[in-house]
Amino acid sequence: MVEYLLENPQVFVTLIIGVFTVIITWRFSRSNLKIAKEKLEKELFKEFNERYDSLNDDLSKLGFAENVSQLKEIKAISNDSKTLYNILIDYFNLCAEQHYWYKKKRISSQIWNSWHSGMMHYYNSFSVVRDVWEDETKNDGYKSYYLKKNDELFTKYKSLDEPEIKTTHERTSEKH
């Protein structure tokens with residue numbers, strides 16, 4: 001084979017050009033894939049932050065609700081046809097979508113950790129949030145949030161500097 005290539009330099013040159021073409025194409029494709037991934041991450045980041053911004057004023061009212069019944073009575077600031085309960089469900093959906101895209105590696109760990117820290121703030125600060133989340137995810141309810149059976153959207157990634165908050169199931173199990 002080497003002898004053939006030496007006797008036919010045009011074949012050797014064609015082979016070398018072909019190898020370089022494959023290398024350049026591979027590098028170009030990899031660069032385009034990286035750019036496309038960054039563009040998608042930026043679009044998701046922007047969309048999720050806009051959605052969070054639309055919920056933020058209402059989420060700040062969570063401290064006014066001591067239980068789920070009150071949560072269902074307090075009207076939302078941003079949309080008076082919704083209650084704070086509806087806003088919280090919208091927030092859970094937003095959190096689940098962020099988690100979904102993080103698991104799909106479309107959101108970086110840095111962005112996810114920032115968002116998750118904010119999610120844990122609400123979860124750890126307001127018992128009504130924990131109660132609604134437990135109710136929403138019991139039985140097969142977790143599936144509507146793109147979660148698997150043992151996934152814990154709010155407690156699995158809990159930061160070490162926050163106090164330990166037990167789920168409703170854990171609190172009930174300890175009593176028996």
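Cut-offs applied
Residues numbered from 1 in each chain as written. Predicted model: local features only at pLDDT ≥ 70, side-chain atom pairs only at ≥ 80, totals over all residues. Heavy atoms only, no water. Axes fitted to C-alpha atoms, helices over the stretch in contact; angles between N-to-C directions. Helix = DSSP H or I, 4+ residues; strand = E, 2+ residues; numbered from the N terminus. Parallel < 35°, antiparallel > 145°, perpendicular 65-115°, else oblique. Left-handed = near helix turned anticlockwise from the far one by under 90°. Contact = heavy atoms within 4.5 Å. Nonpolar A, V, L, I, M, F, W, Y, C, P; charged D, E, K, R; others polar. Core = buried A, V, L, I, M, F, W, Y, C linked by side-chain atoms within 4.5 Å. Buried < 20%, exposed > 50% of the residue type's maximum accessible area, 1.4 Å probe, protein only. Lys, Arg positive; Asp, Glu negative; His and termini not counted. Salt bridge = Lys/Arg side-chain N within 4 Å of Asp/Glu carboxyl O. Phe/Tyr/Trp six-rings, centres within 6.5 Å; stacked < 30°, edge-to-face > 60°. Polar contact = N/O pair within 3.5 Å; in protein donor to acceptor, adjacent residues only side chain to side chain.

Asker: I'd like a rundown of the packing of helix H4 (residues 84–103) against helix H6 (residues 127–137), residues and numbers included.
Answerer: Contact geometry of H4 with H6 gives a least axis separation of 11 Å together with a crossing angle of 65°. With respect to H6, the element H4 is oriented roughly perpendicular. For the pair H4 and H6, the crossing hand works out as right-handed. The residues of H6 that touch H4, namely those facing Tyr85, Leu88, Ile89 and Phe92, are Val128, Val129, Val132, Trp133 and Glu136. Looking at side-chain class alone, the contact of H4 with H6 contains eight nonpolar, no polar and one charged residues.

Asker: Can you lay out the nonpolar core for me, pointing to particular residues and giving the numbers?
Answerer: Grouped burial of nonpolar side chains is what soluble globular proteins tend to show. Grouped together as the largest cluster of nonpolar side chains are 37 residues, with contacts concentrated most on Leu71, Tyr91, Phe92 and Phe154. Mapped by element, the contributors of at least two residues to this core are helix H2 (9–59), H4, helix H5 (109–125) and H6. Phenylalanine 154 has contacts with Phe92, Cys95, His116, Met119, Met120, Tyr123 and Trp133, leaving out every residue within four places of it along the chain.

Asker: Give me the side chain of glutamate 41: which residues, what numbers.
Answerer: Topologically, glutamate 41 is positioned in helix H2. The side chain of glutamate 41 sits in the buried core without any salt bridge; lysine 37 is the nearest counter-charge, 6.3 Å away. Sequence-distant contacts of glutamate 41, defined by excluding residues within four places in its chain, comprise Arg106, Ile107, Ser108 and Ile111.

Asker: Could you give me a rundown of the packing of aromatic side chains, with the residues and numbers involved?
Answerer: Within this structure, the stated rule accounts for 14 aromatic pairs. For the ring pair phenylalanine 92 and tryptophan 133, a centre distance of 4.9 Å and an interplane angle of 70° mean the geometry is edge-to-face. Here the residue phenylalanine 92 occupies a position in helix H4, and tryptophan 133 occupies one in helix H6, the gap between them amounting to 41 residues. Given the relative accessible area of 0%, phenylalanine 92 is considered buried.

Asker: Can you explain the side chain of threonine 137? Please cite residues and give values.
Answerer: If you trace the backbone, threonine 137 turns up in helix H6. A distance of 2.8 Å separates the side chain of threonine 137 from the backbone oxygen of tryptophan 133, its partner in a polar contact. Each residue touching threonine 137, except ones within four places of it in the same chain, is listed here: Tyr142 and Tyr145.

Asker: With reference to specific residues and values, describe the packing of H2 against H5.
Answerer: Taken N-terminus to C-terminus, the directions of H2 and H5 make an angle of 15°; their axes are 12 Å apart at the nearest point. Here H2 is positioned roughly parallel relative to H5, judged by the angle of their axes. Crossing geometry of H2 relative to H5 is assigned as left-handed. Each of Glu41, Leu44, Phe45, Phe48, Asn49, Tyr52, Asn56 and Leu59 in H2 lies in contact with H5, whose residues at this interface are Ile111, Trp115 and Tyr122. Split by residue class, the contact of H2 with H5 holds eight nonpolar, two polar and one charged.

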